[in-house]
Amino acid sequence: MRTPSWMLIALAAVVTVAGCSKKRTRRAEVVECSSISLDSKGTTLCLVQLYKWRRPDAQKAAEARAHELDSLKTWQEDSVWGLSAAKHTRDLQTCRRGTEQLNNCLLIAGWPIRRAHRTTDSIWSAELPTHRHELQACMAKRDFNLSSCLTLYYKWDSDRALATADSVTRARLGR
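Residues numbered from 1 in each chain as written. Predicted model: local features only at pLDDT ≥ 70, side-chain atom pairs only at ≥ 80, totals over all residues. Heavy atoms only, no water.

> Please set out the packing of helix 3 (residues 40–51) against helix 4 (residues 55–83) residue by residue, giving values where relevant.
The description of two packed helices rests on the angle between their axes and on the distance between the axes. Across the interface, helix 3 lies against helix 4 with an axial gap of 8 Å and an inter-helix angle of 140 degrees. As far as their axial angle goes, helix 4 and helix 3 are oblique. Regarding helix 3 and helix 4, the two cross each other, and that crossing is right-handed. Where helix 3 approaches helix 4, its residues Ser 40, Thr 43, Thr 44, Leu 45, Leu 47 and Val 48 are matched on the opposing element by Arg 55, Ala 58, Gln 59, Ala 61, Ala 62, Glu 63 and Ala 66. Considered class by class, the residues forming the contact of helix 3 with helix 4 number 7 nonpolar, 4 polar and 2 charged. (Axes fitted to C-alpha atoms, helices over the stretch in contact; angles between N-to-C directions. Helix = DSSP H or I, 4+ residues; strand = E, 2+ residues; numbered from the N terminus. Parallel < 35°, antiparallel > 145°, perpendicular 65-115°, else oblique. Left-handed = near helix turned anticlockwise from the far one by under 90°. Contact = heavy atoms within 4.5 Å. Nonpolar A, V, L, I, M, F, W, Y, C, P; charged D, E, K, R; others polar.)

> Give a detailed account of the packing of aromatic side chains, specifying residues and quantitative values.
What the rule picks out here adds up to 3 aromatic pairs. Centroid distance Trp 124 to Trp 156: 4.7 Å. Interplanar angle 90 degrees. Geometry classified as edge-to-face. Of this pair, Trp 124 sits in helix 7 (residues 113–126) while Trp 156 sits in the loop between helix 9 (146–154) and helix 10 (158–173), placing them 32 residues apart in sequence. A residue is classified by how much of its surface remains accessible, and Trp 124, at 17% relative accessible area, is buried. Here the aromatic rings of Phe 144 and Tyr 153 are separated by 5.5 Å at their centres, their planes lie at 45 degrees, and the arrangement is tilted. Residue classification places Phe 144 among the partly exposed residues on the basis of a relative accessible area of 29%. Positioned over the ring face of Trp 53 is Arg 26, at 3.8 Å from the centre of the ring. Taking NZ or CZ as reference, Lys 141 lies 4.0 Å from the ring centre of Tyr 153, over its face. (Phe/Tyr/Trp six-rings, centres within 6.5 Å; stacked < 30°, edge-to-face > 60°. Buried < 20%, exposed > 50% of the residue type's maximum accessible area, 1.4 Å probe, protein only. Lys NZ or Arg CZ within 6 Å of the ring centre and 35° of its normal.)

> An account of the pattern of salt bridges is requested, with residue identities and associated values reported.
Within this structure, the stated rule accounts for 8 salt bridges. Among the ionic pairs, Arg 115 bridges to Asp 78, the shortest N-O distance being 2.4 Å. Of this pair, Arg 115 sits in helix 7 while Asp 78 sits in helix 4; the two residues are 37 residues apart in sequence, bridging distant segments of the chain. Taking relative accessible area as the criterion, Arg 115 reaches 14% and is therefore assigned buried. Judged by relative accessible area, which is 38%, Asp 78 ranks as partly exposed. Arg 160 serves as the salt-bridge partner of Asp 121, at 2.9 Å between the closest nitrogen and oxygen. Of this pair, Asp 121 sits in helix 7 while Arg 160 sits in helix 10, and the two are 39 residues apart along the sequence. Accessibility expressed as a relative area gives 40% for Asp 121, which makes it partly exposed. (Salt bridge = Lys/Arg side-chain N within 4 Å of Asp/Glu carboxyl O.)

> For the nonpolar core, give the residues involved together with the corresponding values.
Among soluble globular proteins, nonpolar side chains are generally buried collectively. Core analysis: the biggest nonpolar cluster contains 10 residues, these being Trp 124, Leu 135, Cys 138, Leu 146, Cys 149, Leu 150, Trp 156, Ala 161, Ala 165 and Val 168. Among the elements of the structure, helix 8 (128–140), helix 9 and helix 10 are those that each provide at least two residues to this core. Once residues lying within four places of it in the same chain are set aside, the contact partners of Leu 150 are Glu 134, Leu 135, Cys 138, Lys 155, Trp 156, Ala 161 and Thr 164. Leu 102, Cys 105, Trp 111 and Ile 123 belong to the second largest nonpolar core, which has 8 residues in total. (Core = buried A, V, L, I, M, F, W, Y, C linked by side-chain atoms within 4.5 Å.)

> I'd like to hear about the layout of surface pockets, residue by residue, with values.
When its volume is computed, the largest pocket comes out at roughly 470 Å³. The wall of the largest pocket is formed by 20 residues, among which Gln 101, Leu 102, Tyr 154, Lys 155 and Trp 156 lie closest to the centre. Those elements that place two or more of their residues in the lining of the largest pocket are helix 5 (85–97), helix 6 (102–108), helix 7, helix 8 and helix 9. Per-element tally for the lining of the largest pocket: the top contributor is helix 7, with 3 residues. Its residues assigned to classes, the lining of the largest pocket comprises 6 nonpolar, 7 polar and 7 charged. (1 Å grid on protein atoms, 1.4 Å probe; cavity = no way out; pocket = protein on both sides within 12 Å on 5 of 7 lines; lining within 4 Å. Points joined across faces, edges and corners; volume = space filled by probe spheres on them.)

Shown next as structure tokens:
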């Protein structure tokens, strides 16, 4: 039994038209709203007003999309960062040998603020026993300001030295 050729052509046309139709999917609506909004609240509002979503569903989808976009951004930043790993290693070695505070030196070298802070905190944590000894040595000098001692003698970051001095003072006062 042979199918007439005009039926095959008509069937192919229907399949083609169906494949090319612009049927809106919920995913496409979320993507569109997130592309015109700055945050998940804006995406939620867009979904509710433009596509008549229920607010709880819109909020859940908007938060999931915001998380997805954040993850993609982080992945892209990490990928680009990894391309210059050798340069970043040299930057870190140079800054650790220098006289300037590590965090500031890394920022001047072009590191993003978040990475510079994270690297500085990681190195600080690794050297914690040394820093405790430095703190004890400065605390023993009663005639010297604690934060000044830590900054001048041991090259502590001024913000960290001030915070430590405040914490020690609060502890001494019993707060």
